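Spelled out from the first residue to the last, the chains are:
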Amino acid sequence: MDGSLTDVIPEVSIIVPARNEEASLGDCLESLTAQTGVVFEIIVVDDGSTDRTRAIAQSFARVRVISPEPLPDGWTGKNNAVVAGAKEAHSPCLLFTDADTVHLPGSLARALAEAKREGADLLSYSPEQLVVTFAERAVMPVIFAELAAQYPPQKVREQNSEIVAANGQYLLVRRATYDAVGGHAAVATEILEDVALARLFRNKGKHVYFRYGGDAVRTRMYRNWPQLREGWTKNLKLLFPQPVQLAVRSLFLWLVAWSALGVAVYGAASQHFAWIVATALWLLPYRRIRVAHFSRANNLIAIAFGLPMFAYLLLRSKKAHASGQVSWKDRAYRTDVTSGGVPATQADKPTSRIEHQKLRTEN
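What counts as what
- Residues numbered from 1 in each chain as written.
- Predicted model: local features only at pLDDT ≥ 70, side-chain atom pairs only at ≥ 80, totals over all residues.
- Heavy atoms only, no water.
- Helix = DSSP H or I, 4+ residues; strand = E, 2+ residues; numbered from the N terminus.
- Areas by Shrake-Rupley, 256 points an atom, 1.4 Å probe, with all protein chains shown as cover.
- Pairing = 2+ DSSP bridges.
- Axes fitted to C-alpha atoms, helices over the stretch in contact; angles between N-to-C directions.
- Salt bridge = Lys/Arg side-chain N within 4 Å of Asp/Glu carboxyl O.
- Buried < 20%, exposed > 50% of the residue type's maximum accessible area, 1.4 Å probe, protein only.
- Parallel < 35°, antiparallel > 145°, perpendicular 65-115°, else oblique.
- Contact = heavy atoms within 4.5 Å.
- Nonpolar A, V, L, I, M, F, W, Y, C, P; charged D, E, K, R; others polar.
- Expected span 1.5 Å × (residues − 1).
- Patch = residues over 30% accessible without salt bridge, like charges linked within 9 Å, V, L, I, M, F, W, Y side chains within 5 Å.
- Core = buried A, V, L, I, M, F, W, Y, C linked by side-chain atoms within 4.5 Å.
- pLDDT = per-residue confidence, 0-100.
- Left-handed = near helix turned anticlockwise from the far one by under 90°.

Within the protein, the regular secondary structure consists of twelve helices and 13 strands. Total accessible area computed for the protein in this model is approximately 16,000 Å², and 56% of it derives from carbon and sulfur atoms.

The next point concerns the sheet that holds strand S2 (residues 40-46). Taken together, seven strands build an open sheet; the order of strands is S3-S2-S1-S4-S8-S6-S9 and the sheet is mixed. Strand pairing shows two members of the sheet lacking a second neighbour, strand S3 (63-66) and strand S9 (208-212), which therefore form its edges. The sheet shows a mean angle of 20 degrees between the axes of neighbouring strands, direction not considered. Where S2 lies against S3, four bridges are found, and the strand directions are parallel. For Val45, the partnering residue across the bridge sits in S3 and is Ile66.

A few words on the pattern of salt bridges. Evaluation of the coordinates by the stated rule reveals 15 salt bridges. Glu21 is the partner of Lys329 in a salt bridge, and the nearest nitrogen-oxygen pair spans 3.0 Å. Taken as a pair, Lys329 in the loop between strand S11 (325-328) and strand S12 (331-336) and Glu21 in the loop between strand S1 (12-18) and helix H1 (25-33) lie far apart in primary sequence, 308 residues in all. Of the two residues examined, Lys329 and Glu21, each falls in the buried class. It is possible to trace a salt-bridge network through shared partners that takes in Glu41, Arg64 and Glu88.

For any two helices packed against each other, one specifies the crossing angle of their axes together with the interaxial distance. Packing of helix H5 (residues 134-150) against helix H12 (residues 296-323) leaves a shortest axis separation of 7 Å and a crossing angle of 80 degrees. Taken together, the axes of H5 and H12 are roughly perpendicular relative to one another. Note on element contacts: H12 touches H5 through Ala297, Asn298, Asn299, Ile301, Ala302, Phe305, Gly306, Leu307, Met309, Phe310 and Leu313, opposite Phe134, Ala135, Arg137, Ala138, Val139, Pro141, Val142, Ile143 and Glu146. For the contact of H5 with H12, the per-class residue count stands at 15 nonpolar, three polar and two charged.

Between its first and last C-alpha, helix H3 (residues 77-88) extends 17 Å over twelve residues, near the 16 Å set by a 1.5 Å rise per residue. Of all twelve residues that make up H3, nine are buried, and the element is covered over most of its length.

Turning our eyes to something else, we now look at a nonpolar patch on the surface. Side chains of Phe134, Trp258 and Phe305 sit close together on the surface and give an oily, nonpolar patch of about 320 Å² of accessible area. Assignment of secondary structure puts Phe134 in helix H5.

Looking now at the nonpolar core. Within the largest apolar cluster, 70 residues are counted, with the highest numbers of intra-cluster contacts made by Phe96, Met140, Phe144 and Trp232. Apart from the residues lying within four places of it in its own chain, the contact partners of Phe144 are Ser126, Gln129, Met221, Trp232, Ala292 and Phe294. The next biggest cluster of nonpolar side chains, apart from the first, holds 32 residues, and it includes Leu25, Val38, Ala115 and Ala216.

Our next topic: unusual backbone geometry. Of note in this structure, Lys329 is not a glycine but carries a positive phi near 55 degrees. Within the chain, Asp330 stands out as a residue other than glycine whose phi angle is a positive 65 degrees. Position of Asp330 relative to the elements: it lies in the loop between S11 and S12. Residue Asp330 is classed as partly exposed on the basis of its relative accessible area of 22%.

Below, the discussion takes up the confidence of the model for the protein. Per-residue pLDDT for the protein averages 87, and the proportion of residues at 70 or more is 84%. Contacts from residues 337-363, a stretch scored under 50 in pLDDT, to residues over four places away or in other chains number 82 contacts.

So, about the packing of helix H9 (residues 225-239) against H12. Contact geometry of H9 with H12 gives a least axis separation of 7 Å together with a crossing angle of 65 degrees. H9 and H12 meet at a crossing whose hand is right-handed. Along its contact with H9, which presents Trp225, Leu228, Arg229, Glu230, Trp232, Thr233, Lys234, Asn235, Leu236, Lys237 and Leu238, the element H12 presents Met309, Phe310, Tyr312, Leu313, Leu314, Arg316, Ser317, Lys318, Ala320 and His321. By residue class, the composition of the contact of H9 with H12 is eleven nonpolar, four polar and six charged.

Okay, here's the thing in structure tokens:
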């Protein structure tokens, strides 16, 4: 039997936190309600949306829509929303997934089977990243290549490894284990809650399984430059412990790439062997970026333009965390710089710095 049935305990509860997600929620829920091979329920947590998010969720007959409790002091909005969803769930497994995801047919059943096969208490996929605008195509390959270098999935899967990671866009957990370690409530003040939750599982001796999951789920994280800038400003300082050094290295690779291109053009025009050497140098940044699972065209755009943009975002993120405040989804979070950017308290009023645009953009 497939889908959510009132007389059958679902095998998995799908929890979708959503705050002003009218541009993407419909596609997400269409892909989730179409899943087969497993009994499930879907809970959308409308986190104070001011657009059509709630109406879109309510238009799906098999989707339950709830609202979270008022945001506790110090908690992030997403953590408050997913905790509310978990309280309403009735299944032995929980899938936390973002409203900007699209799930491939049959992926839910396959993920449950994979988690069982691997003995995973927490299974997380890094989705295929869809990019459309120039800013997305330039920056996203660089960021995900650096994430792959900082958090190699094969290292994350080693249970004795100090490297641990997860992607909050797709987190499948055993309910009993999730409750035993404290769940999202135990990391409620963390801005980077997915990595914090994975570390919590690992520290409690639980099995964390993480891999690239383009065969299961896709996402378009940001639809314009302001969203991309604000989102990565919030996260990059927490993801990369040495942002200044990484920014300098990115700029160096960018200069190497353009210098090599110039030498290659000159060498080819003069039939000089220098173009061969220059081409070899160009492979340095390309080999690093191609592991991020983007197209060849996007990789080339990233090398040509994305490296300095990434350096800018790294430095912007460092500055924002050093100032003690980051913002996202019309909320400002104060950060404790002495603990590496963990939010200390929730700002009382939304920040005016966030540029949140309600756009309908086709993927």
